[in-house]
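# Structural characterization, general
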Amino acid sequence: MFRTALRNVLAHKARLLMTVLAVTLGVAFVSGTLVFTDTLKKSLSGQSAKDYAGVAVSVTSYGQLMNENGEKEGEPGLSQATLDKVKALPGVASVSGRVSGFAGVGDENGKLIGAGWANQGANYTPVKDDKNPRYTFTAGAGPAKADEIALDKATADTGKYKVGDKVRVATNGPVKEYSLAGVFTTTDGGVTAGGSLVLFETKVAQELYLKPGYFQEMSVGAKDGTSAEKLLADVKTLVDSKGTQAQTGAALAEKQAKDIERGLGQLGTMLLVFAGISLFVGVFLIYNTFTMLVTQRTKELALLRAVGANRGQVMRSVLTEALVVGFMSAVIGLISGIGLAVAMRSVIGSLGAKLPGGGVVVAPSTIIAALVIGVLVTTVAALLPAWRTGRIAPVAAMGSAHLPASAKSLVVRNVIGSIISVIGIGLVLLGVSNGGNSGRMTIGAGAFFMLIGMIVLLPLLSKPVIGAVRPLLQKVFGIPGKLASQNAVRNPRRTAVTAASLAIGLTLVTTLSVLGITVGKVVDRMTTEKLKADYKVSMAGDMGGYLDESVAETLAKTPGIKAVSPQTAGYFMVGDDFRSASGVNPAGIGRLLNIETVSGSVDSLAKGEILVAEKTAKSKKLDTGSTIQVKYQDGKQQTLKVGAVYKDMEGLLSPYVLDDKILSQHSEESAVSEVYVNVEGGSSKAGQQKVVDALGKNPAIKVATQQDMRNEMGGQINLMLNIMYGLLGMALIISVLGVVNTLAMSVFERTQEIGMLRAIGLDRGRVKNMIRLEAVAISLFGAVLGVAIGVFLAWAVGSTLAKAMPNYELILPWDRIGIFLLLAAVVGVLAAMWPARSAARLNMLTAIKTE
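Here, residues in each chain are numbered from 1, in the same order as that chain's written sequence. Restriction of local features to residues with pLDDT of at least 70 applies here, the model being predicted, together with a cutoff of 80 or more for giving and counting side-chain atom pairs; totals for whole chains, interfaces and linings are based on all residues. In computing side-chain properties, one takes all heavy atoms of the structure into account and sets aside hydrogens as well as water.

## Considerations on the overall build of the protein chain
The helix and strand inventory of the protein chain stands at 28 helices and 26 strands. Buried residues are those whose accessible area, probed at 1.4 Å on protein chains only, stays under 20% of the maximum for their type, while exposed residues exceed 50% and partly exposed ones sit between those limits. Per-residue burial for the protein chain yields a buried fraction of 50% across its 851 residues. For the protein chain, long-range pairs separated by at least 24 residues make up 80% of all intrachain contacts whose partners lie at least 6 apart in sequence. Only the protein chains shown count as cover for residues, and all accessible areas are computed by the Shrake-Rupley method using a 1.4 Å probe. By element, 60% of the accessible surface of the protein chain is carried by carbon and sulfur atoms, the whole surface being about 38,700 Å². Helix and strand assignments come from DSSP, with helices taken as H or I runs of at least 4 residues and strands as E runs of at least 2, each series counted from the N terminus. Throughout, a residue-residue contact means that at least one pair of heavy atoms, one from each residue, lies within 4.5 Å.

## Observations concerning unusual backbone geometry
Residue K160 is not a glycine yet carries a positive backbone phi of 60 degrees. You can see K160 is positioned in the loop between α4 (153-159) and β11 (166-170). The phi angle at K621 is positive, at roughly 55 degrees, despite the residue not being glycine. Mapped onto the fold, K621 is located in the loop between α20 (614-620) and β22 (627-631).

## Observations concerning helix α14 (residues 436-468)
One less than the number of residues in a helix, times 1.5 Å, gives the span that helix is expected to have. If you check α14, its first and last C-alpha atoms are just 39 Å apart, much less than what 33 residues at 1.5 Å a residue would give, namely 48 Å. Here the bend at a residue is taken as the angle between two axes, fitted respectively to the seven residues that end there and the seven that start there. The largest bend along α14 reaches roughly 60 degrees and is located at L458, with the proline P459 sitting one to four residues downstream.

## Description of the packing of aromatic side chains
By convention, a stacked pair of Phe, Tyr or Trp rings (six-membered ring in the case of Trp) has centres within 6.5 Å and planes under 30 degrees apart, an edge-to-face pair has planes over 60 apart, and any other such pair is tilted. According to the stated counting rule, one finds 11 aromatic pairs in the structure shown. Summarising the aromatic geometry, the rings of Y124 and F137 are spaced 5.6 Å apart at their centres and angled 85 degrees between planes, so their arrangement reads as edge-to-face. Of the two residues, Y124 is situated in strand β8 (residues 120-124) and F137 in strand β9 (residues 135-140); the sequence distance between them amounts to 13 residues. Y124 gets classed as buried once you look at its relative accessible area, which sits at 7%. Judged by its relative accessible area of 24%, F137 falls in the partly exposed class.

## A short note on the confidence of the model for the protein chain
For every residue, the predictor states its confidence as a pLDDT score lying anywhere from 0 to 100. Looking at the protein chain as a whole, its pLDDT mean stands at 81, while 86% of the residues score no less than 70. Taken together, the stretch residues 400-407 has pLDDT below 50 and engages in 8 contacts with residues farther than four places along the chain or on a different chain.

## Some remarks on the side chain of N132
By the secondary structure assignment, N132 is in the loop between β8 and β9. For N132, the side chain forms a polar contact with the main-chain oxygen of T125, separated by 2.8 Å. A polar side-chain atom of N132 sits 3.0 Å from the main-chain amide nitrogen of R134. For N132, the contacting residues outside a window of four places in its chain are Y124, T125 and V127. Within 3.5 Å is the distance limit for a polar contact, defined as a pair of N or O atoms, with the added protein rule that one can donate a hydrogen and the other accept it, and that residues adjacent in sequence qualify only through two side-chain atoms.

## Examining helix α3 (residues 80-87)
Helical geometry: 3.6 residues make up each α-helical turn, so side chains three or four residues apart lie on a common side. When α3 is considered as a whole, its buried residues turn out to be T82, L83 and V86. Viewed along the axis of α3, the buried residues span an arc of 100 degrees, placing them on a single side of the element. Away from its buried face by more than 90 degrees, α3 exposes K85 and K87. As used here, the arc belongs to the directions running from the helix axis to the C-beta atoms.

## Here's the deal with the pattern of salt bridges
Only one rule defines a salt bridge in this text: a Lys or Arg side-chain nitrogen within 4 Å of an Asp or Glu carboxyl oxygen. This structure, assessed with the given rule, holds 8 salt bridges. Two residues, D234 and K230, come together in a salt bridge whose shortest N-O distance is 2.9 Å. Taken together, the residues D234 and K230, both in helix α7 (residues 228-236) and 4 residues apart, mark about one turn of the helix. Given a relative accessible area of 18%, D234 falls into the buried group. Between R579 and D577 there is a salt bridge, and its shortest N-O distance comes to 3.4 Å. Overall, the relative accessible area of 36% leaves D577 in the partly exposed class. Counted as one network, the salt bridges with shared partners bring together K530, E596 and K647.

## Looking at the sheet that holds strand β16 (residues 244-248)
In this analysis, strands are considered paired if DSSP registers two or more bridges between them. The 4 strands lie next to each other as β5-β15-β1-β16, forming an open sheet whose pairing is antiparallel. Each edge of the open sheet is held by one strand with a lone partner, namely β5 (92-98) and β16. Between one strand and the next, the sheet's axes are offset by a mean angle of 15 degrees, whatever the strand orientation. Inspection of the sheet shows β5 paired to strand β15 (residues 217-222) by 6 bridges, in the antiparallel sense. Pairing of G97 across the sheet is with M218, part of β15. Its contacts with the sheet put α3 on β5 and β15, and the angle it makes with β5 is roughly 165 degrees. Note on geometry: axes are lines fitted to C-alpha atoms, helical ones only across the stretch in contact, with angles between N-to-C directions running from 0 to 180 degrees.

## Observations regarding the packing of helix α16 (residues 479-488) against helix α25 (residues 764-801)
Their axes nearest at 8 Å, the elements α16 and α25 cross at an angle of 45 degrees. As summarised for this structure, α16 and α25 are arranged oblique, according to the angle between their axes. The element α16 and its partner α25 pack so that their crossing is right-handed. Contacts between α16 and α25 involve P480, G481, L483, A484, N487 and A488 on the former and, on the latter, R766, N769, M770, L773, E774, A777 and I778. Here the nonpolar group is Ala, Val, Leu, Ile, Met, Phe, Trp, Tyr, Cys and Pro; Asp, Glu, Lys and Arg are the charged ones; every other residue, Gly included, is treated as polar. Per-class residue counts for the contact of α16 with α25 are 8 nonpolar, 3 polar and 2 charged. Throughout this description, any angle smaller than 35 degrees is read as roughly parallel, any larger than 145 degrees as roughly antiparallel, any in the 65 to 115 degree range as roughly perpendicular, and the remainder as oblique. Note on convention: near helix rotated counterclockwise from far helix by under a right angle means a left-handed crossing. Clockwise means right-handed.

## Thoughts on the nonpolar core
Formed by 64 residues in total, the largest nonpolar core has its most connected members in M454 and L458. Looking at this core, the elements with two or more residues in it are α2 (13-51), α8 (249-296), α10 (311-350), α11 (364-391), α14, α17 (492-530), α23 (706-749) and α25. Broken down by element, this core gets its largest block of residues, 12 residues, from α8. Residues contacting M454, with those up to four places away along its chain left out, are S421, A503, L785 and I789. With 22 residues, the next largest nonpolar core counts A563, V584, L592 and A613 among its residues. By nonpolar core we mean a set of buried residues, namely Ala, Val, Leu, Ile, Met, Phe, Trp, Tyr and Cys, connected to one another through side-chain atoms within 4.5 Å.

## Topic: the pairing of β8
Counted residue by residue, β8 has 4 buried out of 5 residues, so it is predominantly covered. For strand β6 (residues 100-102) and β8, the ladder comprises 3 bridges, and the chain directions are antiparallel. Across the sheet, residue G101 finds its bridge partner in β8, namely G121. Summarising the sheet, β8 and strand β13 (residues 197-201) pair through 5 bridges and their orientation is parallel. Opposite G121, over in β13, you have V198 as the bridge partner.

## Looking at the side chain of S31
Tracing the backbone through its elements, the reader meets S31 in helix α2. Residue S31 is classed as buried on the basis of its relative accessible area of 1%. Residues within four places of S31 in sequence aside, it is in contact with G333, L334, G337, T366 and A370.

## Regarding the pairing of strand β12 (residues 176-186)
For β12, the tally of buried residues reaches 8 of 11 residues, placing the bulk of the element in the interior. Of the pairings in the sheet, the one linking β11 to β12 comprises 4 bridges and is antiparallel in character. Bridging from a neighbouring strand, R168 pairs with E177 of β12.

## Re the environment of L89
Inspection of the secondary structure assignment puts L89 in the loop between α3 and β5. Distance from L89 to L231, taken between C-alpha atoms, is 8.3 Å for residues 142 residues apart in sequence.

Quick look at the structure:
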């Protein structure tokens, strides 16, 4: 029986090739993810260990902390005096302090170099022999004067800067010009991630990022023979235990390695989820393939039973074929996965990230996982066809080409499917009722049961759904259309299995598309309706951070600018709770934001009064005229009168709004997140350039129009959707293979019928049309169900978001839904090419003689 199984594998190479391809794609996705994350983990962890190889003890300061009264206490960082004391400890070879923050460098066109969020500035401190082991200079040396800087090599090359050149550097304030003293290479994480690194003279960096005489970090090198643990204990006696964390360099490297593993684990989990979807869809293809192979060999298997093979042997023969196919697929998938991991690493490198070198890591666990997944998925999918094979009686099998499912079995299936579907719909509706994160979790569970129920019920649904389009197919395409619709439901089980793979993929794609576009429209509507400003000034790229308070002051003094209001992020305590607050310019905010009041007036801001968002006012039982006792960051208290209650503007304003001057005078540092601006003549390229010029063409500052803001949000959503489409693309490819399998099996079962049709006048062209239309009908059947369920789930998830997003209204992207259905039809046409060609080329006489 084992030899028989092997012979059958070789005898049906074309059919099994699609199964091998389906399993290979899924295994490649899984193994590629594991190899990629393991490789990155090893290289980044190794680089982390290398970075801290010369550090015996590392101390990090968290700055001043808040006490129970909301007052800051402690020093802003590690003082130079503390470093000097540590340096005097026995066994200390070197001590260096580090202070860092944002710094951006523009290219020759003034465009910011680097990834924005990873652009950093830091102080340069020689450690030994006027060198610092973190940096290897390829030209020049480190900055020694206040007007000098050093740049990482990638940034210098991109900006075409050489030693001695003048370089314009932007922090969160005005651009300053420095002389380039040196160019260096480094393994700094920010540079590795595609950012830039600017090194300043220490005093300059301290003034920019902290306070003169203070550092954020301290690295301590040990003399030969000195224990890092002993040195750590000595260092701890000299630093404040509340506001600092001291640990050995080895412990810090280990912690970073764990952080890397945790971060990569999240990436790996996301990729594995999509790999799992591909494998799940592949199960349907494998099931159909083995069902087709068993059907084709019905008489052969019956003969084996007749000459003495028992049911178990016949079943094991089919399962052995599945094991062989699964093992082959797993091996090919593993090799393909390694190639995929290398490709993923190259793609990340081409996007600007500079990953540490090192070989590809193929862990034993990855090999085992690939083999187990490939063999297990294939074998599980082949279990039911193998079991059915064992149940076929020899005489019945010899007299029948294929055995349709009994009415009783379909009734049982429909009952089970209905129960599962009702459970799923009930859970989804319960999640909608609960709302919030818990509601979305319940909806997720309900979606799972709904999909399972749909898969079980598809044979029942196939006849009425496809039957509904039969008149249209017959009217447009004539006899081929009528025959195609009849053939599509001839075997409801097989049609259901084929349509299920497409339905699953399109359910996920539709849900994501509807949610993404709806959220994008909500944000767009908020920008259009709530924002009256011509421009929003903020830090460029994804760097975040705050603008210098001089930005608003400079713009307010610029001729041609009508209104300016900074958006200052702050907080205060109301009772025992911290509350976020927005500081604005009372004189200009009414002309820049459309603040709709429920009661009171926005003009009350100028009187020192506070505005409260409607939801907060209701929860705190506040109204216009009420008073609030607040405690600011500096510990001072004040009683504020509520001047107005306004409709919530989440994303634009905090629940509490007051005069920026009041909020700023109680904060040590500026926290201006953006500045809203109106210019004379309204929004225009000239007006935008006026704002850019007023800020000294600062590459780190972005001046965005309302359209820019809409495009930015829309671009982020489209990027997310495109990534999801790409990850789900593999599942759709497997779905195409499933349609090919189904049509091939349909042609095989109807060989004699097709011969008769050809004999009575149906030419080859119409035979091809019949097969193509059958494929399109099956594909659209799965697509329509997938889109319908996807829209329902998007509505459910959206309902849980509506409370948190004002003006939320579900939007159906009919253009994308139309594209999905069109692509499903195209999938059907492409999948039908080979089966249709095979059917049209059948010899009439040979086909008629086929039993």
